[in-house]
Number of protein chains: 2
Amino acid sequence: MTDFEATRAMFYLPEGVVYLDGNSLGPLPRTAAERAKAAVEREWGEMLITAWNKAGWMEQPSRIGNRIARLIGAESGSVVTGDTLSIKVYQALAAALAMRPDRRIVLSDKGNFPSDLYMAEGLLGQLGNGYRLKTVEPEDVAANIDDSVAVLMLTEVDYRTGRLHDMKALTRAAHAAGAITVWDLAHSAGALPVNLAGAGADFAVGCTYKFLNGGPGAPAFIYVAPRHSKNALPALSGWLGHEAPFAFDLAYRAGRGVERMRVGTPPVIQMAALEAALDVWGAVDMTDLRSRSIELSERFIAGVEAHCSEVQLVSPRDPHRRGSQVSFAFENGYAAMQALIARGVIGDFRAPDIMRFGITPLYLGEADIDKAIEILAEVMADRLWDHPDYHRRAAVT
Amino acid sequence: MTDFEATRAMFYLPEGVVYLDGNSLGPLPRTAAERAKAAVEREWGEMLITAWNKAGWMEQPSRIGNRIARLIGAESGSVVTGDTLSIKVYQALAAALAMRPDRRIVLSDKGNFPSDLYMAEGLLGQLGNGYRLKTVEPEDVAANIDDSVAVLMLTEVDYRTGRLHDMKALTRAAHAAGAITVWDLAHSAGALPVNLAGAGADFAVGCTYKFLNGGPGAPAFIYVAPRHSKNALPALSGWLGHEAPFAFDLAYRAGRGVERMRVGTPPVIQMAALEAALDVWGAVDMTDLRSRSIELSERFIAGVEAHCSEVQLVSPRDPHRRGSQVSFAFENGYAAMQALIARGVIGDFRAPDIMRFGITPLYLGEADIDKAIEILAEVMADRLWDHPDYHRRAAVT
């Protein structure tokens, strides 16, 4: 049985804060702070350029990739870290499209994170030649998979509502129609059990600063199914994805396996913090994590619905169709979230009216959930959101 | 007059080391260590998600871009930081090509950093349709600029030899032929005076971990001439380059000016270190820096040539045709560099036979140069390179 008291002790959590935004930016694992300091002072400061060899900086992206692989049911050697999620979406989609040269449609849904759709738009614009992005309602995805689809590109968990796609069934349907799949695990990795190999996924990408607690702007990851690793060519063909980066050849030759998806020089300090953050997962069983997430989510929903008639659940009511977040719609959601944050309960807001709460058992327990419910109830009952300060929109919402 | 004793005191330099590899990875500015720690502990740790507003994380890429702009003669608001140099090359080249839709040739030279050529290869492969990369010898670039060239893509300073292109003359020639220019400033920014606006450059990119001392894997920068900022469309169209990222629209609309060249979530801790590293430049005059660099380089060349007949200068002898590095060819260059490093003189090696030394006046003086000459002379005279340990190639050379 996973010891969630022990995992909680691994995080620094500010006094008096209930943190329900780990789905946006995970909190600071204590070892990540130490490791980042060591990367700066002992490695960069003392070893200078020699740290690329002496401190193992060059292997960092694959070493970290392998640790993430274990959390998402991926084969060893099939995941590499680097860049941002948007860049990795572009790489995966470009490689997938090249594997279906006779097809022109990328199928996605309107619940996908906009940046994924934007990157697809940019790529398809480059390709020209009849390529087209088709977005449908999330519940209509299955019905739209046919033999015109080159790539099915979906985010498993909807960033707004937390709705969970059935990765295995949709991947099977895509394959039956001859399409390739690209799964975005932004709200899945570290949030719930993922089994990429079991689902037969082709490509997957994800970020590490949410449920993996890697720190603000921590690098992304990309998965290429081992069966595709020889055929998947990186459109973003940078020198660290070359077969022999230090030969400095003038022509590109793709490196081995997923290594070819590396591009330029990785952010070493940021990678060091991420690597340390992954230590937290050593004794965590993903099935335990999922049960605990459901338990806490159900408690939160029941409490909020009992005390706040003003808000409406927009996440699926069935916990098995939901990721590890709970979202409520409320007309004055932005202001209400500011009122909550001012009182130490941190969630976030997504346009147009969604109050979003991440449920993260690694560092949240019943007492936190109950406190959040109590304060939300006060904000609603006393209309605490009805204050001009809370209606002024900040740059980042 | 720039006070180079004062700038030297701003760096942490390990005892007994002469660091001649600042052209590969600049050493640790003391304030960068403090700032990275604060970004981890006071911002990520204490402020959590609210740091995006409270700690100004969202504006970091443009704020830093403006500080770099001043060092490369760029207009305010024309530079933004993020991603890696390879990614920025792709963005600049894609945008430049789209501005010359009737032309198909990207002209570059064989002294360009291979990753720039690889990224071009990847992009042109995506575009298909007759697009082609043409690489010529560095000295033949001017003669190959004609009206078939869509984009002239060059690195100003050759990473191996330090040979310096004439940015102003080549840009003028490119424009006269109707071509667009993409300049890579990897070995220029912070190394010598650059005047992008004065040269009429169209696009430029560069990295910040070399002469700008931003730390291992610090993010890259991209410059878009203000006259192009409305027409330059980012092929890598991520959400932070969107006109309104937090509106979460389903379709992409390019943001204002160079802001549209942002892609995904930036590496905040790495950016914080970089921002602090730029403090060093506050009282540095680039003309002073250049004079001092030439003075120290000439001293180094004279000393090495006087004491080491085994090596041959491969950098241009005329200091005005050279960046801020000095390179010598030597058959056993790899082993000789290992022998030097073992004795505290850190330079680096570039295949097939180049020993490369970065000359960085911010933290190097005559005594360092003289010590490096003395030790190199010993390594050569006593054939200290002739030891099996020094011939074993590490992963990173």
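A. Inspection of the overall build of chain A at higher detail. Counting its regular elements, chain A contains 12 helices and 15 strands. Taking 397 residues into account, the globule formula puts the C-alpha radius of gyration at 21 Å, and chain A, at 21 Å, falls close to it. Taking the principal axes of the C-alpha coordinates as reference, chain A spans close to 65 × 55 × 45 Å. Per-residue burial over chain A gives 58% buried out of 397 residues.

B. Structural view of the nonpolar core. Core analysis: the biggest nonpolar cluster contains 281 residues, and Leu93 and Val151 of chain A together with Leu93 and Val151 of chain B have the highest contact counts within it. If we skip the residues at most four places from it in the chain, Leu93 of chain B touches Val106, Ala120, Leu123, Val151, Met153 and Val182 of chain B.

C. Broad picture of the domain arrangement of chain A. Residues and elements named next belong to chain A. The domain architecture assigned to chain A consists of domain 1 (31-282) and domain 2 (285-391). Computed from C-alpha coordinates alone, the two centres of domain 1 and domain 2 are separated by 30 Å. Between domain 1 and domain 2, the residue contacts involve 13 residues of the former and 17 residues of the latter. For the side of domain 1 that touches domain 2, the residue count by class is seven nonpolar, four polar and two charged.

D. Structural context of the relation of the copies chain B and chain A. Mapping chain B onto chain A leaves a residual RMSD of 0.0 Å; the transformation is a rotation of 180° accompanied by 0.0 Å of translation along its axis. The operation mapping one copy onto its partner corresponds to a two-fold rotation axis. Interface overlap between copies is the fraction of interface residues in one copy that are interface residues in the other; for chain B against chain A it reaches 100%, indicating a shared surface.

E. A look at the sheet that holds strand β9 (residues 203-206) of chain B. All names here are of chain B. Within the open sheet, the seven strands sit side by side as β4-β10-β9-β8-β7-β5-β6. Their pairing is mixed. The open sheet has two edge strands, β4 (79-82) and β6 (132-136), and neither has a second partner. In this sheet, neighbouring strand axes are inclined to one another by 20° on average, regardless of whether the strands run parallel or antiparallel. Bridging between strand β5 (residues 105-109) and β6 involves five bridges; their strand directions are parallel. Paired with Asp109 across the two strands is Val136, which belongs to β6.

F. Fine view of helix α5 (residues 85-98) of chain B. In this model, α5 of chain B (14 residues) spans 20 Å end to end at C-alpha, consistent with the 20 Å of a helix rising 1.5 Å per residue. Of all 14 residues that make up α5 of chain B, 13 are buried, and the element is covered over most of its length.

G. Molecular detail of the interface of chain B and chain A. Each partner contributes residues to the interface: chain B has 76 residues there, and chain A has 76 residues. For the side of chain B that touches chain A, the secondary structure elements donating two or more residues are α2 (30-47), α3 (51-54), α5, α6 (114-127), α9 (268-277) and β14 (348-350) of chain B. Element by element, the count of residues in the side of chain B that touches chain A is highest for α6 of chain B, at nine residues. Looking at the side of chain B that touches chain A, its residues break down into 47 nonpolar, 19 polar and 10 charged.

H. Region of the structure containing helix α12 (residues 366-381) of chain B. Residues and elements named next belong to chain B. The end-to-end C-alpha separation of α12 is 22 Å, in line with the 22 Å expected for 16 residues at 1.5 Å each. Against β2 (18-19), α10 (286-307), α11 (333-342) and β13 (345-346) lie the buried residues of α12. Of the residues trailing α12, Arg383 is marked for its positive phi of about 45°.

I. Up close: the sheet that holds strand β15 (residues 354-358) of chain A. All names here are of chain A. The strand order across the open sheet formed by four strands is β11-β12-β15-β14, and the pairing between neighbours is antiparallel. In this open sheet, the two edge strands, each paired with only one partner strand, are β11 (312-313) and β14 (348-350). Looking at chain direction, β11 and strand β12 (residues 325-329) are connected through two bridges and run antiparallel. Directly across from Leu313, in β12, lies its bridge partner Phe328. Packing of helix α10 (residues 286-307) onto the sheet brings it into contact with β11, β12 and β15, and relative to β12 it is tilted by some 20°.

J. Highlighting the packing of α11 of chain B against α12 of chain B. Residue and element names in this part refer to chain B. Taken N-terminus to C-terminus, the directions of α11 and α12 make an angle of 130°; their axes are 10 Å apart at the nearest point. Our classification of the angle between α11 and α12 gives oblique. Handedness of the α11/α12 crossing: right-handed. Listed contacts from α12 to Ala336, Ala339 and Leu340 of α11 are Ile375, Leu376 and Val379.

K. Region of interest: the environment of Ala36 of chain A. Topologically, Ala36 of chain A is positioned in helix α2 (residues 30-47). Its 30 C-beta neighbours within 10 Å are what place Ala36 of chain A among the buried residues. With sequence-adjacent residues up to four places away left out, Ala36 of chain A is seen in contact with Ile269, Ala272 and Ala273 of chain A together with Ala36, Val40 and Ile269 of chain B.

L. Fine view of the environment of Gly241 of chain B. Residue and element names in this part refer to chain B. Tracing the backbone through its elements, the reader meets Gly241 in the loop between β10 (220-224) and α9. Residues Gly241 and Leu296, 55 residues apart in the sequence, show an inter-C-alpha distance of 42 Å. In contact with Gly241, not counting residues within four places along its chain, are Pro234, Ala254, Gly255, Glu259, Arg260, Met261, Arg262 and Val263.

M. Representation of the pairing of strand β9 (residues 203-206) of chain A. Residue and element names in this part refer to chain A. Side chains Phe203 and Val205 of β9 all project onto a buried face; the interleaved residues Ala204 and Gly206 project onto the opposite face, where all are buried too. As defined by bridge partners, strand β8 (residues 180-184) adjoins β9 across three bridges and the pair is classed as parallel. Residue pairing for β9: Val182 is matched across the bridge by Phe203. The sheet contact formed by β9 and strand β10 (residues 220-224) spans four bridges and is antiparallel. Note on β10: the bridge partner recorded for Gly206 is Phe221.

N. Layout of the confidence of the model for chain A. In this model, chain A carries an average pLDDT of 97, and 100% of its residues clear a pLDDT of 70 or more. As a predicted assembly, this complex carries a pTM of 0.97 together with an ipTM value of 0.97.

O. Quick peek at the pairing of strand β8 (residues 180-184) of chain B. All names here are of chain B. With respect to burial, β8 is a largely interior element, five of its five residues being buried. Residue alternation in β8 divides its side chains into two sets, Ile180, Val182 and Asp184 and Thr181 and Trp183, and both sets are buried. As judged from the five bridges shared by strand β7 (residues 149-155) and β8, these two strands associate in the parallel manner. By the bridge assignment, Val151 is partnered in β8 with Ile180. Once the chain exits β7 it traverses helix α7 (residues 167-176) before rejoining the sheet at β8, and the crossover so formed is right-handed.

Procedures and definitions
Residues numbered from 1 in each chain as written. Chains lettered and ligands numbered in written order. Predicted model: local features only at pLDDT ≥ 70, side-chain atom pairs only at ≥ 80, totals over all residues. Helix = DSSP H or I, 4+ residues; strand = E, 2+ residues; numbered from the N terminus. Rg over C-alpha atoms; globule rule 2.2 N^0.38 Å. Buried ≥ 20, exposed ≤ 12 C-beta atoms within 10 Å, placed from the backbone. Core = buried A, V, L, I, M, F, W, Y, C linked by C-beta atoms within 7 Å. Contact = placed C-beta atoms within 7 Å. Domains from an automatic or database assignment. Nonpolar A, V, L, I, M, F, W, Y, C, P; charged D, E, K, R; others polar. Least-squares fit on C-alpha atoms with pLDDT ≥ 70 in both. Pairing = 2+ DSSP bridges. Axes fitted to C-alpha atoms, helices over the stretch in contact; angles between N-to-C directions. Expected span 1.5 Å × (residues − 1). Parallel < 35°, antiparallel > 145°, perpendicular 65-115°, else oblique. Left-handed = near helix turned anticlockwise from the far one by under 90°. pLDDT = per-residue confidence, 0-100. Right-handed = clockwise from strand over helix to strand, strands pointing away.

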